[in-house]
Amino acid sequence: MPIEIKELHIKINVEEQASKTTTAKSADESTIMKAVGESIEQAMNIEKRKKER
């Protein structure tokens, strides 16, 4: 019996270290946000392909 996921909640905790500079923090944050965006996009593509079947 197939399982259908109607909602997907993603929760991420990011800890900032005080020893880093603000430039490094913003670069790390942008890298993290890119990774999160790509993973969400991939999850949506998988769900879209499942519905097309």
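Please refer to the structure higher up on the page.
Residues numbered from 1 in each chain as written. Predicted model: local features only at pLDDT ≥ 70, side-chain atom pairs only at ≥ 80, totals over all residues. Heavy atoms only, no water.

## Topic: the overall build of the protein chain
No. 1: For the protein chain, the helix and strand inventory stands at 1 helix and 0 strands.
No. 2: Looking at the protein chain as a whole, 2% of its 53 residues qualify as buried.
No. 3: For the protein chain, the computed accessible surface area is about 5,500 Å², with 54% contributed by carbon and sulfur atoms. (Helix = DSSP H or I, 4+ residues; strand = E, 2+ residues; numbered from the N terminus. Buried < 20%, exposed > 50% of the residue type's maximum accessible area, 1.4 Å probe, protein only. Areas by Shrake-Rupley, 256 points an atom, 1.4 Å probe, with all protein chains shown as cover.)

## Details of the layout of surface pockets
No. 1: Put simply, the largest pocket is a space of about 240 Å³.
No. 2: Here the residues of the lining of the largest pocket sort into 5 nonpolar, no polar and 6 charged.
No. 3: Approximately 160 Å³ is the volume attributed to the second largest pocket.
No. 4: Lining the second largest pocket we find Pro2, Ile3, Glu4, Ile5, Glu47, Lys50 and Lys51.
No. 5: Tallied by class, residues from the lining of the second largest pocket come to 3 nonpolar, no polar and 4 charged. (1 Å grid on protein atoms, 1.4 Å probe; cavity = no way out; pocket = protein on both sides within 12 Å on 5 of 7 lines; lining within 4 Å. Points joined across faces, edges and corners; volume = space filled by probe spheres on them. Nonpolar A, V, L, I, M, F, W, Y, C, P; charged D, E, K, R; others polar.)

## Overview of a nonpolar patch on the surface
No. 1: On the surface, a cluster of nonpolar side chains totalling about 1,000 Å² of accessible area is made up of Ile3, Ile5, Leu8, Ile10, Ile12, Val14, Ile32, Met33, Ile40 and Met44.
No. 2: Turning to its location among the elements, Leu8 is positioned in the segment before helix H1 (22-52).
No. 3: Overall, Leu8 belongs to the exposed group, its relative accessible area being 60%. (Patch = residues over 30% accessible without salt bridge, like charges linked within 9 Å, V, L, I, M, F, W, Y side chains within 5 Å. Salt bridge = Lys/Arg side-chain N within 4 Å of Asp/Glu carboxyl O.)

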